[in-house]
Amino acid sequence: MKKTIGVLGAGTMGAGIAQVAAQSGHAVILVDSNNQQLEKAQASLAAILSKLVEKEKISAAEKVAIENRIQYANNLEDFAPCDLVIEAIVEDLAVKNAVFHSMELHVSKQCILASNTSSLSIASIGSVLENPDRIIGIHFFNPAPLMPLVEVIPAVQTSAVVLNDIVNLIRSWNKTVVVCKDTPGFIVNRVARPFYGEALRIYEEGIADFATIDWAMVQFGGFKMGPFTLMDYIGNDVNYAVTESVFQAFYFDPRFKPSFTQKRLKEAAYYGRKSGRGFYDYSAGSSMPQPTMDEKIGRQIFDRVISMLINEAVDAVFMQVASIQDIDVAMTKGVNYPKGLLAWADEIGLEEVLLRLEDLQLIYGEDRYRPNPLLRKMVRENQTFY
Ligand code: NAI
C-alpha cells in the first residue's frame, strides 16, 4: 500500500509538495489554517494539471485521479491516517515548535514528521517531540514539482531507519536526493552564498556594474543567469534574509557578510521582478542596461567569484556537511550550476584556485578570503576531488 502523505501549509512550497506526492500516486492530506490558501492551491493545481494535459504529458483521466488523491483540510486531526507529514508553514521556530508539538498528538506512533525549513535547525524543530527520532528535514526547492533536488537532513535525534525510509521514499518521487548535515543553509543555501555576496562586493568596490558582472558570469562561467538577474528573480527580501540568517548562524563569519547594497534595496522595497524594480528596472518602457563587455575585467570577475564558490564547496567537504558527489549534484540540480563546483575545481586546478584565494587574502587582508585548510592540504599532497 502506498503511504499516505500529509502536508501542512498550502502556500508556495506546500502546494507544490502536495502535487509531487499526489503525482507519485500517494493519498495526500493538505492542511492549512487559511481556507483561501487551500482554495488557491486547489485552483492552481487544476490549472497546472490542465496545462500538462494540453501538452499531452498526462491524460485527462490522470488529471482527475491526481486531483482526487488530494484531500483539503483545516485541522491537525486530519493528519491521523498519515505515514509522513511534511510541514511547510511560516519560517518561525516558535510557530513551528507549537505546531509540531500538537501534530504529534494527532498522528500514529510510526508517523514520520518532517520540515521543509530553509534556515532553521532540524534539531530545534524536533526538540519539542515526545518521539524526536521521527524528526527529519526534507528540503524542496521552488517550484517543488519542477526542481529535481531534495536535500534530506537528519537531525542529531533522527533514527537511521527514518533516514533510510525517507531517502527511499523521496527517490521514488523521481527526485535527486542528497543527504546533508543539520548545519546552516544545508548544502545549496550555504555553498551558493558567494555567487551573490562576492558579486555584490565586486560591485560595491566599483570594479563593474550589475550588467557587466552578470555578463561575466554567463559569458565565462556558463551560468544560466548572472547573480543580479537571479537575485531579482528570487527577490531581494528573500535573498537578503537567507544571507543574514546564514551569517548569524555561522557566528558572524565574514565569508557570509551581507551587503548594504542589497539591504538598501530591500528597505526601499526594490525586491526585484515581483515589485517591478530591483537591481534592474522592470517597469514598462524601461530598457536593460548593457554590459561593458571588457573581456579582461569579465574574466577577473568570473575567476574571483568561482574561486570563492569553490572555497565554500571545499569547506562543506572539509566540515563533512555532505559527500563530494552530493555537494556537486546539489549545485547542478538545486540551482542549475553548469558544473559541480568540486569537479570545476579539478578542471581549473586546485593550485590555481589556491593561488587566487591567497592573492585576494593578501590584497584585502580579510578573513573572508582565507583559503580552506583542505584546499591547502590537497594542493600540498597533489590530490584532486575526482
Ligand atoms: P508561504 O507563505 O507561501 O506559505 C505558508 C502557508 O502556511 C500559508 O498558506 C499559511 O496560511 C500556512 N500557515 C501558516 N501558519 C500555519 C499554521 N500554524 N497552521 C496551518 N497553516 C499555517 O510560505 P512558503 O514560501 O511556501 O514557505 C514555507 C516553508 O518552506 C518555510 O519554512 C520556508 O522557509 C520553506 N521554503 C521556502 C522556499 C521558497 O522558495 N519559498 C524554498 C524552500 C523552503
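Fair warning: this is a prediction, and the values are worked out from it, not measured in the lab. (Residues numbered from 1 in each chain as written. Predicted model: local features only at pLDDT ≥ 70, side-chain atom pairs only at ≥ 80, totals over all residues. Heavy atoms only, no water.)

1. Regarding the domain arrangement of the protein chain
Our working definition: The split into domains, and so the bounds of each, comes from an automatic or database assignment of domains. Every residue pair with non-hydrogen atoms within 4.5 Å of one another is taken to be in contact. The term buried area denotes the loss of accessible surface (1.4 Å probe radius) that occurs when two parts are joined, taken as the sum for both partners. Salt bridge, as applied in this entry: a Lys or Arg side-chain nitrogen positioned within 4 Å of an Asp or Glu carboxyl oxygen. Think of a polar contact as two N or O atoms within 3.5 Å of one another; within protein, one of them needs to be a possible hydrogen donor and the other a possible acceptor, and neighboring residues in sequence only count if both atoms come from side chains.
Split by domain assignment, the protein chain resolves into domain 1 (4-179) and domain 2 (190-380). Computed from C-alpha coordinates alone, the two centres of domain 1 and domain 2 are separated by 31 Å. Opposite the 9 residues of domain 1 that make contact, domain 2 presents 9 residues. Here domain 1 and domain 2 share an interface that buries about 680 Å² over both sides, 64% of which is from carbon and sulfur atoms. Taken together, the links from domain 1 to domain 2 amount to 0 salt bridges. On inspection of domain 1 and its partner domain 2, the count reaches 1 residue pair in polar contact (both at pLDDT 80 or more).

2. With respect to the packing of aromatic side chains
Counted only if it meets this: Within 6.5 Å between ring centres, the rings of Phe, Tyr and Trp (the latter by its six-membered ring) count as paired, and their orientation is classed by plane angle as stacked under 30 degrees, edge-to-face over 60, tilted in between. Only DSSP runs of H or I with at least four residues qualify as helices, and only runs of E with at least two residues qualify as strands; both kinds are numbered from the N terminus onward.
If you walk through the whole model with that rule in mind, you get 16 aromatic pairs. Consider the rings of Phe210 and Tyr280, whose centres lie 6.3 Å apart with planes at 80°: the pair is edge-to-face. With Phe210 in helix α9 (residues 210-221) and Tyr280 in the loop between α12 (260-267) and α13 (295-318), this pair connects stretches of sequence that are 70 residues apart. Aromatic side chains Phe247 and Phe252 sit 5.1 Å apart centroid to centroid with 80° between the ring planes, which places their arrangement in the edge-to-face category.

3. Comments concerning the pairing of strand β1 (residues 4-8)
To keep it simple, the criterion reads: Buried means the residue's accessible area, taken with a 1.4 Å probe over protein chains only, is under 20% of the maximum for its type, while exposed means over 50%, and partly exposed covers the values in between. Should DSSP find at least two bridges between two strands, the strands are taken to pair.
Extensive coverage of β1 is indicated by the burial of 5 of its 5 residues. Residues Thr4, Gly6 and Leu8 point to one face of β1 and Ile5 and Val7 to the other, with burial holding for every one of them. For β1 and strand β2 (residues 27-31), the ladder comprises 5 bridges, and the chain directions are parallel. Directly across from Val7, in β2, lies its bridge partner Leu30.

4. Focus on the site of the ligand
The criterion, for reference: Definition of nearness: a residue and a molecule or strand are near each other if at least one heavy atom of the residue lies within 4 Å of the molecule or strand. Areas reported as accessible are Shrake-Rupley estimates using a 1.4 Å probe. Residue values count occlusion only from the protein chains shown. Note on residue classes: Ala, Val, Leu, Ile, Met, Phe, Trp, Tyr, Cys and Pro are nonpolar, Asp, Glu, Lys and Arg are charged, and everything else, Gly too, is polar.
Around the ligand, a shell composed of 21 residues is seen, among which Met13, Asp32, Gln37, Glu91 and Lys96 lie nearest. One nitrogen or oxygen atom from the side chain of Glu91 is found 2.5 Å from an oxygen atom belonging to the ligand. Separating an oxygen atom of the ligand from a side-chain N or O atom of Lys96 is a distance of 2.8 Å. Expressed as a share of its isolated accessible area of 840 Å², the protein-covered part of the ligand is 74%. Mapped onto the shell around the ligand, the elements with two or more residues apiece are α1 (12-23), α4 (93-106) and β6 (135-140). For the shell around the ligand, the residue count by class is 7 nonpolar, 11 polar and 3 charged.

5. Examining the packing of helix α16 (residues 350-364) against helix α17 (residues 373-380)
We apply this condition: Every axis in this analysis is a line fitted to C-alpha atoms, fitted for helices over the stretch in contact. Angles between the N-to-C directions lie between 0 and 180 degrees. When describing relative orientation, an angle under 35 degrees is termed roughly parallel and one over 145 degrees roughly antiparallel, while 65 to 115 degrees is termed roughly perpendicular and anything else oblique. Left-handed is the label given to a crossing in which the near helix is rotated counterclockwise from the far helix by less than a right angle, and right-handed is the label when the rotation is clockwise.
At a minimum axis distance of 9 Å, the contact between α16 and α17 shows a crossing angle of 135°. Regarding the angle of α16 to α17, the classification is oblique. Viewed along their axes, α16 and α17 form a crossing whose handedness is left-handed. Of the residues in α17, those in contact with Leu350, Glu351, Val353, Leu354, Leu357, Glu358 and Gln361 of α16 are Leu375, Arg376, Met378 and Val379.

6. Structural notes on the pairing of strand β7 (residues 149-154)
Of all 6 residues in β7, 5 are buried, a share of seventy percent or more. Examined bridge by bridge, β6 and β7 share 5 bridges and lie antiparallel to one another. Residue pairing across strands places Phe140 opposite Val150, the latter belonging to β7. Bridging between β7 and strand β8 (residues 176-179) involves 4 bridges; their strand directions are parallel. Bridge pairing in β8 places Glu151 opposite Val178.

7. So, the side chain of Arg368
Following the sequence through the fold, Arg368 ends up in the loop between α16 and α17. A polar contact is formed between the side chain of Arg368 and the backbone oxygen of Gly197, at a distance of 3.3 Å. Here the side chain of Arg368 touches Pro254 through a polar contact of 3.4 Å, landing on its backbone oxygen. Arg368 has contacts with Gly197, Glu198, Arg201, Pro254, Arg255, Lys257 and Met308, leaving out every residue within four places of it along the chain.

8. Overview of the pattern of salt bridges
Per the counting criterion, the structure on display carries 23 salt bridges. Of the charged contacts, one joins Glu67 and Lys63 as a salt bridge, the two residues approaching to 3.3 Å between their closest N and O atoms. Here Glu67 pairs with Lys63, and both are found in helix α3 (residues 60-69), just 4 residues apart, close to one helical turn. On the basis of relative accessible area, Glu67 is assigned to the partly exposed category, the value being 24%. A salt bridge links Glu358 to Arg376, with the nearest nitrogen and oxygen atoms 2.7 Å apart. Of this pair, Glu358 sits in helix α16 while Arg376 sits in helix α17, placing them 18 residues apart in sequence. The class of Glu358 is partly exposed, set by a relative accessible area of 29%. In the salt-bridge network here, residues are joined through shared partners; they are Arg190, Asp253, Arg255, Glu312, Asp315, Asp367 and Arg370.

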